[in-house]
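Single-letter residue listing:
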Amino acid sequence: MSSEIAIRARHVSKCFQTYERPKDRLIQGLYLLAARLAPPWSERLRQRAAARAKQYWALHDISFELKKGETLGIIGRNGSGKSTLLQILCGTLNPTQGEIEVHGRVAALLELGSGFNTEYTGRENVYLNGQLLGLSKKEIDQRLESIIAFADIGDFIDQPVKIYSSGMFVRLAFAVIAHVDADILVIDEALAVGDAFFTQKCMRFLRSFMEKGTILFVSHDSGAVKNLCKHALWLEKGHMQQIGSAKDVTESYLQAYYESMRGTNASTRMRAAVAPKPIADKDRKDSRLDWIKRSNLRNDIQIFEFDPNAKDFGTKESEITSVEFLDEAGAPLAWIVGGEAVSLRIQTFAHHDIDSPIVGFYIKDRLGQVLFGDNTYLTYCEEPLYAGAGTTLTAEFCFIMPILPKGEYSVCAAIASGTPEAHRQLQWIHDAMILKSETSHIATGLVGVPMQKIEITTSIHYSANETEEASAK
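Reading the values: rules and limits
Every chain is numbered independently, its residues counted from 1 as its sequence is written. Local features in this predicted model are restricted to residues of pLDDT 70 or higher, and side-chain atom pairs are both shown and tallied only at a pLDDT of 80 or more, whereas totals for entire chains, interfaces and linings draw on every residue. Excluded from the side-chain calculation are hydrogens and water; included are all heavy atoms of the structure. Segments assigned H or I by DSSP are reported as helices when at least four residues long, segments assigned E as strands when at least two residues long, and all are numbered from the N terminus. Think of it in three bands: residues with accessible area under 20% of the maximum for their type are buried, residues over 50% are exposed, and the middle band is partly exposed, with areas taken using a 1.4 Å probe on protein chains only. The protein chains shown are the only cover counted for residues, whose accessible areas, like all others here, come from Shrake-Rupley with a 1.4 Å probe. The criterion for strand pairing is that DSSP finds at least two bridges linking the strands in question. Axis definition: a line fitted to C-alpha atoms, limited for helices to the stretch in contact. Angles are taken between N-to-C directions and run from 0 to 180 degrees. Any Phe, Tyr or Trp ring, taking Trp's six-membered ring, that has another such ring centre within 6.5 Å forms a pair; planes under 30 degrees apart are called stacked, those over 60 apart edge-to-face, and the others tilted.

1. Concerning the overall build of the chain
Link 1 in the chain: From N to C terminus, the chain includes 13 helices and 22 strands.
Link 2 in the chain: By the burial criterion, 43% of the 473 residues in the chain qualify as buried.
Link 3 in the chain: By element, 51% of the accessible surface of the chain is carried by carbon and sulfur atoms, the whole surface being about 24,900 Å².

2. A look at the sheet that holds strand β12 (residues 318-326)
Link 1 in the chain: The sheet built from four strands is open, its strands ordered β12-β14-β19-β22 with antiparallel pairing. Looking at which strands have only one partner, the edges of the open sheet turn out to be β12 and β22 (453-460). Geometrically, the sheet is characterised by an average inter-axis angle of 15 degrees between neighbouring strands, direction not taken into account.
Link 2 in the chain: With eight bridges connecting them, strand β19 (residues 391-400) and β22 associate as antiparallel partners. Across the sheet, Ala-395 pairs through a bridge with Ile-456, a residue of β22.

3. Concerning unusual backbone geometry
Link 1 in the chain: Phi at Asp-152 takes a positive value of approximately 55 degrees, unusual for a residue other than glycine.
Link 2 in the chain: Relative to the helices and strands, Asp-152 is located in the loop between α5 (137-151) and α6 (166-177).
Link 3 in the chain: On the accessibility criterion, Asp-152 (51% relative accessible area) is exposed.
Link 4 in the chain: Phi at Asp-181 is positive, roughly 55 degrees, even though this residue is not glycine.
Link 5 in the chain: Residue placement: Asp-181 occurs in the loop between α6 and β6 (184-188).

4. Description of the packing of aromatic side chains
Each pair of aromatic rings is reported with the distance of its centres and the angle of its planes.
Link 1 in the chain: A complete count under the given rule lists 14 aromatic pairs for this structure.
Link 2 in the chain: Centroid distance Phe-205 to Phe-209: 6.1 Å. Interplanar angle 35 degrees. Geometry classified as tilted. In this pair, Phe-205 and Phe-209 are both assigned in helix α7 (residues 196-209), four residues apart and thus about one turn of the helix distant. Here Phe-205 and Phe-209 have matching classes, each one buried.

Printed below as a string of structure tokens:
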């Protein structure tokens, strides 16, 4: 039924005209004017006008349907027509051929800074952009504080946006479209700009929006498309190469990309390129870390400090006070080498009595995809622990840090009580700590890391009076 369709494209094509010289555009305009003034010679004049320009077809015969509540990822290399298709869907361009149907309010984040006046302040641009997206001034007034809080650009909200960085532009633009009650969101490479904290915030919003709205998401990152979208459309030089499940389409796209870059035997050569060099017998007693230090495949991962004020939720009956990485000797780490044996230590403080505490963590990439994680439940499920008020719980997870592709990652830390199936969330910190992989010659996917050791130790904090009483006894 048409009432279930959010977007329908029928045989959409788009042609642009290009000119070798600026005067060709003027001459073409004169020919077209003459064609209107002299109908008997109009056909010949139009032919001469057409000869002054070259045609560039950015899109060829694109057809698809997107139902309400679905998410479509659009992938393709630069120049494949992705942005042109989005502009047609948003109404900023008209198709040369074909038809577009859009049912619902559309909020789009296309080119960086589109819809902004660079001379206006951020606050003034919120009103400008919000009204362009269909909000009244009264509605913007009601949502202004929430928009400013989402953008999180501080005092720059009252500064001209011409001094903004690209990340600040995206923060403000995304904050506006997140508050316009749209039915359809159109996102064009917006998450490629900005820090890991804001990207995580955007991904949480998009996943929440997916429960009720429709999303068109353009990205070069096939992992982001596969993670966020149910369906995907692959464009190649303006032609629709494939449409289907996000997994199938992205895999076909990556295969074609590597074959075009390295030939049909790319995968074989890639395996050969990353294969470790043979290790001589005399070196086989060396540790894994020593091998990595000598290898040309070194993977350095920078660790940023624990942020206790990061976005969180929970009852706060127990709060996380520390998250840190340690080496095998128990010393805090500021850098990790991929493949190194490490421990992740999470300390929590119980404000109330806690039955069956569970401490856990996830490590996520910049798009919120969980790479790996674990918790303490299985280790202590047969003999559940008890943490009285004033107790510090210290959970330690020992594992081999995987080799991470270049990029930013975050550690999510949590403490709950009960079981994984039935528990009470005491505190969950989304981005407790940021990791940054600086260099890597390894291309890896999502990983699962088995824990080598998991244990909890407890210590009770006494007040000064309790300490004196204990000493007297």
